Structure formats: structure tokens, C-alpha cells
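Close look at the chain arrangement
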Amino acid sequence: MKKCFNPILILSLVLLLSSCFRSGKSGVTVDAQDSVITSAKLLSMQRTADYTVVTVADPWKGGVLHQYVLVPAEAQLPADLPEGTIVRTPVKNALVYSSVHTSLLNELGAIGTVKGVVDSQYFNDSIIAGGLKAGTIADCGNSMNPTVEKVIDMQPDAILLSPYQDASYGQIAKMDIPIIECADYLEYDPLGRAEWVKFYGELVGKRAEADSLYNAVVAAYNAVKEMAAGAKTHPTVVTEMVINGIWNVPGGQSYMARILADAGGKYLWADDENTGSLALDFNQVLAVAHDADYWFIKWTNINSLKDLQGAYDLNKEMAAFQNKRVYVCDTDKTRFFDRIPFHPEVLLREFAAIMHPELFLDFTNQMYHHID
């Protein structure tokens, strides 16, 4: 039977949600120099006795993309608050758009805050999958056009999503539910992206856990970086592969390029100034990287050099192919995209151990495997 929704009931629920949300309007300002954030470029966070101010910079136009004022739910709202979207914390009923963030919330011990997701087919975590099956986590439809009725029914106290340039967010932007713009994916410093855990920890009442996690990541990352810096060789590196005629090569200032450099590798596009990817054809890459010592690829179902040649015959022309120095990360099996954003030390150690095995004698790779 087709379920019918009462428009009056829906309107009432929207108004109810609206009454739980407002923006601070005072002229109080917070000095970004007092931020507890040290590495992230798009995030600043100031903690006071009564609230925490979080500012997300606009990566496209400069200035501020969004400012939040996090106030404990049990406290009265202070009379003078900085401008921004007020979020009562800890968030207990979140609609989350990305498995990257549900994975992190799980690690923080806050997976119970996830009460709804969109694009549910991309959530492979057993807890989320189990919740969807049991009905304790709502499937709110497509991320580009969420099912408004389901969003209203779950009554989220925050929506976590990844922003894009000139985003409007459709109907959910009109529901006066705090939209947390998770711009961490636009950070190009590995430790800078990982530091966003402090924001998410603050949202769900896991400040101590988040600070502890980040400090452990920094310590592990810097320890591997220091070891790699002492390596006697710095092998040349190429990454990814041609797909549908295009080889998306990480720019010289990209996240991947920085990790490869910290792992003691010589990235062949290091002098490039792009933070994103370069769309090149095979011959353009071959001209630069024909003699690369190592070749790292993120893809699926590439389990041998024969598979790699089958994907594109000219791959056999690469010296790394001929010298059997190709390593592949199967993104379907490793959950690379869920884990690495907040654990760059894992990827750093992978690369460093492959390129400098004499320094990491007891290390076993988790992400990349050698193919021959």
C-alpha cells in the first residue's frame, strides 16, 4: 500500500524542528589566533567555558563558509553569543551523508548518534548495514534529493555532509536543521585533514577521545616521517593508472604527493603547484614516469601484472611493470576511503615500508599488495 503523508503534519514537524534551531546574532567576535587547531587550514575552533566556536573557511572564494556555536544541551543559551549556527551538543540524532564520517564516529564510540544516512548502498560497515536492516537507522534516499518525509520523521539535530562549491542543499536547507559542512576532504595536508576529528568529537561529546586520537596520529605520523627522512635512497614514484583514456595524476601539492614525500619518495610531479589532480593521457605520463621505481595504484580487481596489462595494454611499457615494482590497493576490500582520511599515518607507513624495507623489517602491509 502506498503510504500517504499529511501535509499539515509535515508542516508542523518542520516548525517544531525550526524552533530548536537559531543563529547567534550578537556582535561578539572570537580571535582565530586562539584556535586549538594547529594543522588544518580550513578549520579553526575556539573553546570557552560556555560554548565552542567552530569556523569553516570557504575553500573556493575565501572568507567564511560557515560558523557554528556549539552549546551544551543542558545549559541555558548565553546572552551574548558570536554569530553562527547554534548546535546543541552532544548531537544524539544525526543524519550522515558519508561512510567516512560514520566510520570515524564509530572509532570515537559515538556510532549510536547516527540515526539516518543517504546513499545507503555505499555504507558497508556492519553496524550501519545492521541498523538499516533493523530499521533503527533511516534510509533517507539519495544524497542529491533526500526523502524529506523520512528526514522529518527522524528529526535529526544535525546533518553531516560534504560541501561543494555554491551548494544549496535543496529542501533540507529550508528545514532549519543545523547543516554541518564537512570540508575536511578539501584539506591537502594529511595531518590537517585528520585534525577535523576535533570538530566531530566536539559535536558528539567525545572531546577527550578526539584529542587523544589526533595526538596519537600525529605522533605515529611524525615517527615514520623521521625514519623515512633517514633513508639512503629516495626512489621515484608514479601513482594511479589510465581509466577510460584519462590518467588522473595527483598534483604536486596534493594530499597524495605530500604523503609520498614524507615517506621518503621522490614524486615525479612534485614541482607541480596543483592541489587536485591532473587529467593526462597515457603518453603524457609515460614521458615523465617511464623509469619510475615504484608504481602505486588504487583500483579494484587488479591482482596481477596480467590483469594490469589487460586493463590497458601499454601499461607493460612502464619500467615499474617490467621490474615488478607495482603495488595495488583494492579499494573494495581495504576500506581505504573510510580509514585513511583520519589515519594518514597508516598510508605513510605503507609507502615508507615498501620503498625502504630495510627500515621497517617487521611491517606487514594492510592496504597495498605487491602484484607480479
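The rules we used
- Residues numbered from 1 in each chain as written.
- Predicted model: local features only at pLDDT ≥ 70, side-chain atom pairs only at ≥ 80, totals over all residues.
- Heavy atoms only, no water.
- Phe/Tyr/Trp six-rings, centres within 6.5 Å; stacked < 30°, edge-to-face > 60°.
- Helix = DSSP H or I, 4+ residues; strand = E, 2+ residues; numbered from the N terminus.
- Buried < 20%, exposed > 50% of the residue type's maximum accessible area, 1.4 Å probe, protein only.
- pLDDT = per-residue confidence, 0-100.
- Contact = heavy atoms within 4.5 Å.
- Axes fitted to C-alpha atoms, helices over the stretch in contact; angles between N-to-C directions.
- Parallel < 35°, antiparallel > 145°, perpendicular 65-115°, else oblique.
- Left-handed = near helix turned anticlockwise from the far one by under 90°.
- Nonpolar A, V, L, I, M, F, W, Y, C, P; charged D, E, K, R; others polar.
- Pairing = 2+ DSSP bridges.
- Salt bridge = Lys/Arg side-chain N within 4 Å of Asp/Glu carboxyl O.
- Core = buried A, V, L, I, M, F, W, Y, C linked by side-chain atoms within 4.5 Å.
- Expected span 1.5 Å × (residues − 1).

**Digging into the packing of aromatic side chains**
The description of two aromatic rings rests on the distance between their centres and on the angle between their planes. Counted by the stated rule, this structure contains 17 aromatic pairs. Here the aromatic rings of Tyr 68 and Phe 199 are separated by 5.7 Å at their centres, their planes lie at 40°, and the arrangement is tilted. Pair noted here: Tyr 68 is in strand 4 (residues 64–72) and Phe 199 is in helix 6 (residues 197–203), with a separation of 131 residues, a long-range link. With respect to class, Tyr 68 is no different from Phe 199; both count as buried.

**Observations regarding the confidence of the model for the protein**
With 91% of its residues at a pLDDT of at least 70, the protein reaches an overall mean of 92. Contacts of residues 1–29 to residues separated by more than four positions or lying in other chains number 44 contacts, the stretch itself having pLDDT below 50.

**Considerations on the packing of helix 7 (residues 207–229) against helix 14 (residues 344–355)**
Interhelical geometry of helix 7 versus helix 14 gives an angle of 20° and a closest axis separation of 9 Å. Judged by the angle between their axes, helix 7 and helix 14 are roughly parallel. With respect to the hand of their crossing, helix 7 and helix 14 are arranged in left-handed fashion. Contacts between helix 7 and helix 14 involve Val 217, Ala 220, Tyr 221, Val 224, Lys 225 and Ala 228 on the former and, on the latter, Pro 344, Glu 345, Leu 348, Arg 349 and Ala 352. A breakdown of the residues in the contact of helix 7 with helix 14 according to their chemical character gives 8 nonpolar, no polar and 3 charged.

**Some remarks on the pairing of strand 17 (residues 277–280)**
In regular strands, side chains alternate between the two faces of the sheet. Residues Leu 278 and Leu 280 line the buried face of strand 17, whereas the alternating positions Ser 277 and Ala 279 sit on a face that is not buried. In this sheet, strand 17 lies alongside strand 15 (residues 246–250) in antiparallel orientation, the contact comprising 4 bridges. Note on strand 17: the bridge partner recorded for Pro 250 is Ser 277.

**Examining the pattern of salt bridges**
Summed over all chains, the structure comprises 12 salt bridges. Residue Glu 240 pairs with Lys 298 through a salt bridge whose shortest N-O separation is 2.8 Å. Of the two residues, Glu 240 is situated in the loop between strand 13 (236–239) and strand 14 (242–243) and Lys 298 in strand 18 (residues 294–299); the sequence distance between them amounts to 58 residues. The closest approach of N and O atoms between Arg 335 and Asp 338, which form a salt bridge, is 3.1 Å. The exposure class of Arg 335 is partly exposed, given its relative accessible area of 34%. Here Asp 338 falls in the buried class, since its relative accessible area comes to 13%.

**Description of the nonpolar core**
Trp 196, Phe 199, Trp 295, Phe 296, Phe 351 and Tyr 368 are the most contacted members of the largest nonpolar core, which has 94 residues in total. In terms of residue count, the dominant contributor to this core is helix 14 (8 residues). Listed in part, the 14 residues of the second largest apolar core include Ile 152, Met 154, Leu 161 and Ile 179.

**What about helix 14?**
Relative to the 16 Å expected for 12 residues at 1.5 Å per residue, helix 14 spans 17 Å between its end C-alpha atoms, a close match to the ideal helical length. For helix 14, the tally of buried residues reaches 11 of 12 residues, placing the bulk of the element in the interior. The complete set of buried residues in helix 14 reads Pro 344, Glu 345, Val 346, Leu 347, Leu 348, Glu 350, Phe 351, Ala 352, Ala 353, Ile 354 and Met 355.

**Considering the environment of Gly 131**
Tracing the chain through its elements places Gly 131 in helix 3 (residues 126–134). Distance from Gly 131 to Gln 121, taken between C-alpha atoms, is 13 Å for residues 10 residues apart in sequence. Ignoring any residue separated from it by four or fewer positions in sequence, one finds Gly 131 in contact with Thr 136 and Ile 137.

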